[in-house]
Amino acid sequence: QIAVHPDELSPPAELPLGYVYDIEENKSVLIAVGPTSLRWILENANIPKVLHCCRGDASAFFYEYGIVLDGVFDSGVADCLLGYRGLNHPHTLGKVIRRNLKEDEFSLTHKGSLVFIPGMFEKRPLSWKFFIYSIEDVLYLNQVYRVQMADLQRNCLDIVCVSLSAARTPPY
């Protein structure tokens with residue numbers, strides 16, 4: 001899933017564009033190279049990639065597709081640095097979103113209500129409920145990024161956060 005803010009000058013309340021790529025059905029999305037490819041975006045240090053607890057996703061990209069994420073900002077690391085938890089004990093994404101955004105700025109339809117069963121996301125086509133769950137996972141991370149980065153900068157922790165985020169992505 002990828003959320004892209006349509007215009008960085010737009011008001012923060014404007015919703016980003018959301019994309020869900022089915023890499024199980026279309027592996028070529030991550031194999032393609034060049035400046036218009038998803039791989040290029042993921043490996044480009046100049047384009048921030050905001051993930052929550054990035055280690056699992058970053059490892060999957062690296063070990064399954066040879067993609068080295070660059071320019072990663074881990075909202076879980078930011079949450080820990082801002083004093084809410086120990087570094088290896090971040091809050092869930094839902095809690096981080098609730099902590100950083102006003103109630104009228106987000107909607108988490110299924111967060112906390114799904115019981116996870118191995119393989120539940122493998123059935124195709126993906127159900128609407130699972131699609132909404134997947135897109136909501138990332139839809140609000142751009143807004144969280146803006147709030148957390150401003151707080152980190154006020155506390156002179158922004159470079160620490162980016163460095164710790166990068167250290168959570170392979171190769172180690």
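Residues numbered from 1 in each chain as written. Predicted model: local features only at pLDDT ≥ 70, side-chain atom pairs only at ≥ 80, totals over all residues. Heavy atoms only, no water.

A few words now on the confidence of the model for the chain. Of all residues in the chain, 90% have pLDDT values of 70 or greater, and the mean over the chain is 87. The weakest mean pLDDT in the chain belongs to strand E1 (residues 2-4) at 61; the strongest belongs to helix H8 (residues 158-167) at 97. (pLDDT = per-residue confidence, 0-100. Helix = DSSP H or I, 4+ residues; strand = E, 2+ residues; numbered from the N terminus.)

Once that is clear, we can look at the packing of helix H6 (residues 128-139) against helix H7 (residues 141-154). Two numbers describe how H6 lies on H7: the axes approach to 6 Å, and their chain directions differ by 20 degrees. Our classification of the angle between H6 and H7 gives roughly parallel. Counted together, Asp-137, Val-138 and Leu-139 of H6 and Leu-141, Asn-142 and Gln-143 of H7 form the full contact between these two elements. Looking at the contact of H6 with H7, its residues break down into three nonpolar, two polar and one charged. (Axes fitted to C-alpha atoms, helices over the stretch in contact; angles between N-to-C directions. Parallel < 35°, antiparallel > 145°, perpendicular 65-115°, else oblique. Contact = heavy atoms within 4.5 Å. Nonpolar A, V, L, I, M, F, W, Y, C, P; charged D, E, K, R; others polar.)

A separate point is the environment of Tyr-145. Tracing the chain through its elements places Tyr-145 in helix H7. Taking the C-alpha atoms as reference points, Tyr-145 and Val-50, 95 residues apart in sequence, are found 6.9 Å from one another. Setting aside residues up to four positions removed in sequence, Tyr-145 forms contacts with Pro-48, Val-50 and Phe-73.

Glancing now at unusual backbone geometry. Following Arg-124, the chain continues into Pro-125 via a peptide bond in cis, with omega recorded as -5 degrees. By secondary structure assignment, the location of Pro-125 is in the loop between helix H5 (93-100) and H6. For the bond from Pro-170 to Pro-171, the omega torsion is 5 degrees, close enough to zero to count as cis. Note on placement: Pro-171 falls in the segment after H8. For Cys-53, which is not glycine, the phi dihedral falls at a positive 50 degrees. Looking at the secondary structure, you find Cys-53 in the loop between strand E3 (49-51) and helix H3 (55-65). We classify Cys-53 as partly exposed; its relative accessible area is 37%. Positive phi is not limited to glycine here, since Cys-156 has a value of about 55 degrees. (Buried < 20%, exposed > 50% of the residue type's maximum accessible area, 1.4 Å probe, protein only.)

Glancing now at H5. Burial in H5 covers these residues: Leu-93, Gly-94, Val-96, Ile-97 and Asn-100. The buried residues of H5 all sit within an arc of 165 degrees when viewed along its axis, so they share a single face. (Arc of directions from axis to C-beta.)

Membership of the largest hydrophobic core comes to 20 residues, with the highest contact counts inside it found for Phe-73, Ile-97 and Tyr-140. In terms of residues, this core owes the most to one element, H7, which gives four residues. Grouped together as the second largest cluster of nonpolar side chains are 11 residues, Leu-38, Leu-51, Ala-58 and Ile-67 included. (Core = buried A, V, L, I, M, F, W, Y, C linked by side-chain atoms within 4.5 Å.)

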